[in-house]
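Here are the chains, one letter per residue:
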Amino acid sequence: MNQRAMAELSAELIIRYYENEPMPFLQHMDKEALWYGPAAGQFIRGQDAMIQTWSKEEHPLRFTMGDLETDTISAHPSSCNVMLTYTVITHYPDGHDLSVDQRLLLCWGERHITDENGIRVKQPRILVCHISNPHGKHEDDVIYPKHFTQAYAGENIIR
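Residues numbered from 1 in each chain as written. Predicted model: local features only at pLDDT ≥ 70, side-chain atom pairs only at ≥ 80, totals over all residues. Heavy atoms only, no water.

**Q** So what's going on with the packing of aromatic side chains? Which residues, and what values?
**A** Going through the model one piece at a time under the given rule, you end up with seven aromatic pairs. Each ring, one from Tyr-18 and one from Phe-63, has its centre 5.3 Å from the other, and the planes form 70°; the classification is edge-to-face. Pair noted here: Tyr-18 is in helix α1 (residues 3-18) and Phe-63 is in strand β3 (residues 62-73), with a separation of 45 residues, a long-range link. Between Tyr-18 and Tyr-86, the ring centres sit 5.7 Å apart and the planes meet at 65°, which makes this aromatic pair edge-to-face. Taken together, the positions of Tyr-18 in helix α1 and Tyr-86 in strand β4 (residues 79-91) put the pair 68 residues apart, joining distant regions of the chain. Accessibility expressed as a relative area gives 12% for Tyr-18, which makes it buried. For Tyr-86, a relative accessible area of 4% gives the class buried. Feature note: the residues Tyr-17, Tyr-18, Phe-25, Trp-35, Trp-54, Phe-63 and Tyr-86 constitute an aromatic cluster, connected by ring pairs. (Phe/Tyr/Trp six-rings, centres within 6.5 Å; stacked < 30°, edge-to-face > 60°. Helix = DSSP H or I, 4+ residues; strand = E, 2+ residues; numbered from the N terminus. Buried < 20%, exposed > 50% of the residue type's maximum accessible area, 1.4 Å probe, protein only.)

**Q** Kindly report on the side chain of Ser-10, identifying the contributing residues and their values.
**A** Checked against the element boundaries, Ser-10 lands in helix α1. Here Ser-10 falls in the buried class, since its relative accessible area comes to 0%. In this structure the side chain of Ser-10 is engaged in a polar contact, spanning 2.9 Å, whose partner is the side chain of Trp-108. Beyond its immediate sequence surroundings of up to four residues, Ser-10 is in contact with Val-82, Leu-84, Leu-106 and Trp-108. (Polar contact = N/O pair within 3.5 Å; in protein donor to acceptor, adjacent residues only side chain to side chain. Contact = heavy atoms within 4.5 Å.)

**Q** So what's going on with the environment of Leu-104? Residues and values would help.
**A** With respect to the element layout, Leu-104 can be found in strand β5 (residues 97-114). With relative accessibility at 1%, the residue Leu-104 sits in the buried group. The sequence separation of Leu-104 and Ser-10 amounts to 94 residues, and the corresponding C-alpha distance is 9.8 Å. Those residues in contact with Leu-104 that lie beyond four places of it in its chain are Ile-14, Val-82, Met-83, Leu-84, Tyr-86, Cys-129, His-130 and Ile-131.

**Q** Give a description of helix α3 (residues 47-55) that names residues and reports values.
**A** For α3, every residue scored as buried is listed here: Gln-47, Met-50 and Trp-54. Each buried residue of α3 lies within a common arc of 60° when the element is viewed along its axis, so the set occupies one face. In α3, the exposed positions angled more than 90 degrees off the buried face are occupied by Asp-48 and Ser-55. Those residues of α3 that are buried lie in contact with α1, α2 (23-27), β1 (29-36) and β2 (43-45). (Arc of directions from axis to C-beta.)

**Q** Outline α1, listing residues and values.
**A** Spanning 16 residues, α1 covers 23 Å between terminal C-alpha atoms, matching the ideal 22 Å at 1.5 Å per step. Considered for burial, the residues of α1 that qualify are Met-6, Ala-7, Leu-9, Ser-10, Ala-11, Leu-13, Ile-14 and Tyr-18. For α1, the elements touching its buried residues are α2, β3, β4, β5 and β6 (120-132). Where α1 begins, the side chain of Asn-2 points an oxygen toward the backbone nitrogen of Arg-4, at a separation of 2.9 Å. (Expected span 1.5 Å × (residues − 1).)

**Q** Before we move on, can you summarise the sheet that holds β1 with the specific residues and values?
**A** Taking strand neighbours across the sheet as the criterion, the six strands line up as β2-β1-β6-β5-β4-β3 in an open arrangement whose pairing is mixed. Among the strands making up the open sheet, the edge pair consists of β2 and β3. Between one strand and the next, the sheet's axes are offset by a mean angle of 20°, whatever the strand orientation. Inspection of the sheet shows β4 paired to β5 by 13 bridges, in the antiparallel sense. Note on β5: the bridge partner recorded for Val-82 is Leu-106. Sheet strands in contact with α3 are β1 and β2, and its direction is about 60° off that of β1. (Pairing = 2+ DSSP bridges. Axes fitted to C-alpha atoms, helices over the stretch in contact; angles between N-to-C directions.)

The structure is reproduced here in structure tokens:
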């Protein structure tokens, strides 16, 4: 799997996503893909569930992206992990804008897919999509953040 090609495809898909064209992104998901959103409880398993979820989504939001960077690593010729980092500004109809730094990890793998002619071909598919918004790091932190209370408030429950 060509790392550069996968980085370019990942960037193209996410740009189109923020142009309110989510279907190309979703069509590259594997049938059993996992999608982890940036908020607690945002988890979807499987391409069909993702398409169903997004098909219900109607909104007047517009987005502006900036500072898009990609980084890749491949542990095997048939897989590639692409990390995208970028700023996205959500423009709300009331004139309010919200800007976040976004991190998006796409884990790609080659899958045998039967095309529209009934021929099995290898296609890159997104196996895992993990979205996270980084929180600021305290100046004293070296490796692990020690000051989560600055970003999160509440009780921690361990089960």
